[in-house]
Each structure stands twice: as C-alpha cells, then as structure tokens.
Amino acid sequence: MTLVYFPPPKLQPQQQQQQQPLRSSRLAQQLAQSAWQLALRFGTRTTIHGLDRLLSAKASRWERFVWLCTFVSAFLGAVYVCLILSARYNAAHFQTVVDSTRFPVYRIPFPVITICNRNRLNWQRLAQAKSRFLANGSDAAQLELFELIVGSYDDVYFGHFQSFERLRNRPTELLNYVNFSQVVDFMTWRCNELLSDCLWRHHSYNCCEIFSKRRSKNGLCWAFNSLETEEGRRMQLLDPMWPWRTGSAGPMSALSVRVLIQPSMHWPGSRETGAMKGIDVMVTEPFVWHNNPFFVPANTETTLEIEPVIYFYDNDTRGVRSDQRECVFDDEHNSKDFKSLQGYVYMIENCQSECQQEYLVRYCNCTMDLLFPPGQYRSCRAQDLLCLAEHNDLLVYSHNPGEKDFVRNQFKGMSCKCFRNCYSLNYINDVRPAFLPPDVYANNSYVDLDVHFRFETIMVYRTSLVFGWVDLMVSFGGIAGLFLGCSLISGMELAYFLCIEVPAFGVDGLRRRWKARRQMDLGVTATTPTLNFRQTTPSQLMENYIMQLKAERAQQQKANFQNWHRLTFAQKPFIGK
C-alpha cells in the first residue's frame, strides 16, 4: 500500500519569528532536564557530605531546601576561613630559631685576614718609579708633580680622597699618560718588607707562601687564606684543604704574624703631619671583597679573638620575594635586588662595594681600580683625581633606604639598597692591643698579631616561614574535611565529573540531535512523493502509527455497536406470525 505524501508548506518569515521563542523555550527546558539528570547521577556517587541528600531522587522539596541551606552555609564558611589562611600565608611571617649550639668551627673555613700598612708606599723606591714611569725624567715640573701625586696616594682609601685636594691648580693633565695604579703597585710594600715570623697552628711558614697581595677599598694589602687572588686560587689547586681550617680555639691556636711598620721608609709628608702609625686588619669570610677594618697601633702585642655566627634561611623561604624576606640567595641572579661586583657571588659587602663604585662613576665618570676588582668602568687618570677630592663629602657618608623618617641626616651621601645574603657567616671580633715598652721593640717598630677563634663551637640560627605552603595545604585539607566532609579524592570526583562526564554527555546529546535532524532532512528531500509503510524513517513511522490508530478505533467502535445491538434485542420476546 502506498500513500501520497504532501510536504508541509513553507512557513512565512513572520510565522518563523513567532515560532522562534517556542523553540528557545523548548531548548531551555531540555537543557534544564539534562542538567538535572546529570546532577542526580553525580549525587548518587559523590562522597561530599550533604550533596548525596540534596541530589537524591527520593528527597522532597523541604528536605532539599534544608540540605541546600546547610551545604551553602558550610561552603561559605570554608571559603571565609580559606581566605584568612591565604592572607596569613601571603603575609610571609618569619621566625628565627637556634638550629645548633655546638656547631664545630672546623666545619667552616678560617676567615680571610687582610693586613694593610697605614702608610701604603715604600718611599725608598720613588727614584726607581720616576725613571720607570716618566717619559721625560729631566723635566723638573713633571718630577715635582709626579712626586706630589704619588704622595697623595700614600693614605688613600675609599671615602678618604681629600689628599688629592693638594692637586688643585696643578697641570695634572701633563701626566695623564702615567698609569698611577701601576706606580702604586710598584711602590707598595712587598711581602718580606711587611710580614715576618708567620705561624699557623704552631707550625712555622714562609709568610710569602701563605699571604698574597690583593686589592681592597683600603688599597693594596696582603691577605691570608684568600681566594680573591691568583695565588690563592693556585694554592687551592695545590692544597685541597685550602682555605685552611682549625678545630681549636684560644691564643696561638691559629694565625700568628709580626707586621713590620718601618717608619723610616714612609712618605716624608706623613712624618710631618704626625699621623699615627699602625696597621689596618680586615676580617672577612671567603669571596667577600671588603669589610670595615680595625686599626691596630704600632708597637703593640695585639690579640684578635673571633667568634663566628651563622645565619641562614631555609629553602622554604625561596618562594617569598627577596624584598619581602630581606635577603638574597647567591643563585638568585634574576632577582631585582641582586647586585654584586663583576665576577663575585652575592654578598651584602659586595653589593655595597658595587653601589659605591657606581656612585664614584656617577660623580667623576671613572673608578679607582686600586680599590675595586677589574671591571667595566674606566680607570681614573691624573686629571680626574681632583674630582674625587671635590666629591669626597658625598662619598664618605652612607644612608640606608627608609631611615630618613627616623634619622636626622646633616649631610648628603650614598644610599645603597643591599640586603643580607641568605647564608651569612658573621664574625664578632674582639681586638685587644697591649703596648710594648720601648726597651722591647728598641729601634724597630712592629705589631705582633695573634688571630684565633674564641670557642671551638659556634651558634647557628635558622630562619624559616611561620606558615609555609605545607602548612597551607594541611590547613586547606582540614577546613575541607571540617566544613564539607570531603577530601582530595572528592575534589577529584568533582573534577572528573565536570571535565569528563559533562562534556561527554553534551557531545552525545549533540550527536543524537544531529543524527535525527539529518534523518528528517533526508526524508523530506526524497525524490519520490510516495511513502511506503514498510520504510522506517521517523515521518513514515508516525504516519503508519496514525493510520493504525484510526483502524483500531474503527474496529473498536464496530465491536461496541455489535455488542450493544445483541444485548438490546436479545432480551425482547419473540412475536410469531
């Protein structure tokens, strides 16, 4: 049997606009039903307390309302407490505790001991310096100017450039070709002229084997146990124990040395001024360029006791910014607070030295290469020395950033923002000079220096976060369990539901709708206008169902009529003829 099918007439644009809201409403209802089905499916399997009752299919409206209020209140409480914990974590409060009270001193290297004569130059080599460095050794004006400039170098150190003031109104540009750093290096004290009688742990050494000449902000000095010089690095290759260590404490347990003053070889100008004779002693940890030295007067027997203290920040503090923890690790090269001398690791002393060198370059467009390691800046020539004296007042004072609200500063100076290194080995020094009677040193002037540790153990302090990320995770887990009764597995269930099941459900629904619409489009656009009930397209099945329903209703009506007719006439009496 074949039935002729007439496709429905196309709707007018106005009718299509009228049916558009109906389609949108129907789509919204379908989405709401799908979402509710998904929620019911998740509620039957979740381990989050309260959601299983809220999304139960058997729950009444009042029961869902009660559990909804309970769950929302618990969720808001959990969020509020988590915000408090996050603020506490972001505040990054620190605590410093004693990590060890008996850390042995042999676990750390003995400090670098740098010795400088207050009078930097051996004036007996002046004639040799003139013949070596002056192009015209017969020019009296140049000879006088040369001697004046070299004499100005005799007591120069950073922030003490006023001796160059005597060069004012002098034709210093005539000697720009002279490298006065080399002149000073030639005239400075040699090892055998300055040091003698060296002992290390009661064992005698040649001073020139264990001391090496190095630069510092005090000029050219001689350093023990140093790694900043070529000799020190060569010593480390030859001796695996270098820099040396000691496990004992007390007098004569470490370094002992006699420093020769030799005032007869000093610059004559220093004898005229009556400057106090003596030496500067600097105590630093390895890889530190400079630290403020101690003055030790001549003709003394001086004891220098050292008490090391270690401060360090643990690795959990690396997650905090350097300006927030106020220290810098030596490998934080990308930190904005990382500043150091070229080729040196980060130390607060190296940061301050680089900052001071930058101020020197800013004011005079050059640097004193005798006071700093070789770098990128131009060395000062003879005509630049007067500039150092003119800006000496700006270079002698230093201010810490932020102190202007608490300290009244009368002078303008340098401001260097340098934080401590996060691993810091500090030395508490106690210098005790005892003057020798004249009959002991006679015509010789010297300093007997004994440097040793005070104790065989040291204190170690550790700084850590009061509330670290591990504490934050534990607190979040406790809050989630207290308020919501869930754990990390519950969160994984929710993530799996949102990221896997919901997209899969939506893709499956879209695939079904697309398949049904494609089948309907194929049925409408068929080439034949007739429909066969044996076919199985959705529109044909609907027509078949309607025709069968009409036939069944007609048969039912016919059967009902026959029953009524039989029951009605069967009860009447028969009338014969």
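Scroll up a little and you will see the structure.
On a predicted model such as this, the values are computed, not experimentally measured, just so you know.

A.B. asks: I keep staring at the nonpolar core and nothing clicks. Help me out?
C.D. replies: Grouped burial of nonpolar side chains is what soluble globular proteins tend to show. Ranked by internal contacts, the top residues of the largest apolar core, which has 52 residues, are Phe146, Tyr153, Phe161, Phe180 and Met368. Of all the secondary-structure elements, those providing two or more residues to this core are α4 (126–133), α5 (140–152), α6 (180–187), α12 (348–364) and α13 (385–390). With six residues, α12 is the single largest residue contributor to this core. When near neighbours in sequence (up to four residues on either side) are disregarded, Tyr153 contacts Arg120, Leu121, Phe164, Phe180, Val184, Met368, Leu370 and Leu385. With 41 residues, the next largest nonpolar core counts Ile108, Ile279, Ala298 and Phe453 among its residues.

A.B. asks: Would you explain the state of the cysteines in this entry?
C.D. replies: Here a disulfide denotes one covalent bond, and it connects the sulfur atoms of two cysteines. Applying the stated criterion across every chain yields a total of eight disulfides. Cys198 shares a disulfide with Cys207; S-S distance 1.8 Å. An S-S torsion of about 115° defines the bridge between Cys198 and Cys207 as right-handed. Exposure class is identical for Cys198 and Cys207. Each is buried. Across a sulfur-sulfur distance of 2.1 Å, Cys364 and Cys387 are joined as a disulfide pair. Linking Cys364 and Cys387, the disulfide has an S-S dihedral of approximately -95° and is accordingly described as left-handed. Taken together, the residues span a long stretch of sequence, with Cys364 in helix α12 and Cys387 in helix α13 at a distance of 23 residues. A relative accessible area of 8% places Cys364 in the buried class. The exposure class assigned to Cys387 is buried, which follows from its relative accessible area of 17%.

A.B. asks: Looking at this structure, I do not really get α5. What am I missing?
C.D. replies: An α-helix turns once per 3.6 residues; consequently, residues spaced three or four apart project the same way. In a regular helix each residue adds 1.5 Å, so 13 residues correspond to 18 Å; α5 covers 18 Å between its end C-alpha atoms and thus fits that length. Along α5, the residues classified as buried are Gln142, Leu145, Phe146, Ile149, Val150, Gly151 and Ser152. Tucked inside the fold, the buried residues of α5 contact α4, α6 and α13. In this structure Asp139 caps α5, since a side-chain oxygen of it lies 3.1 Å from the backbone nitrogen of Ala141.

A.B. asks: Which parts of the structure should I look at to understand the pattern of salt bridges?
C.D. replies: Pairing between side chains of opposite charge can happen when their charged atoms approach one another. One pass over the structure, following the stated rule, counts 22 salt bridges. Taking the shortest distance from any N to any O, the salt bridge between Glu305 and Arg432 comes out at 3.4 Å. Placement of Glu305 in strand β11 (residues 300–313) and of Arg432 in strand β16 (residues 423–435) is noted, with a sequence separation of 127 residues between them. If you follow the salt bridges from partner to partner, you end up with Glu305, Glu307, Asp430, Arg432 and Arg454 in one network.

Quick notes on the rules
- Residues numbered from 1 in each chain as written.
- Predicted model: local features only at pLDDT ≥ 70, side-chain atom pairs only at ≥ 80, totals over all residues.
- Heavy atoms only, no water.
- Core = buried A, V, L, I, M, F, W, Y, C linked by side-chain atoms within 4.5 Å.
- Buried < 20%, exposed > 50% of the residue type's maximum accessible area, 1.4 Å probe, protein only.
- Helix = DSSP H or I, 4+ residues; strand = E, 2+ residues; numbered from the N terminus.
- Contact = heavy atoms within 4.5 Å.
- Disulfide = S-S within 2.5 Å.
- Expected span 1.5 Å × (residues − 1).
- Polar contact = N/O pair within 3.5 Å; in protein donor to acceptor, adjacent residues only side chain to side chain.
- Salt bridge = Lys/Arg side-chain N within 4 Å of Asp/Glu carboxyl O.

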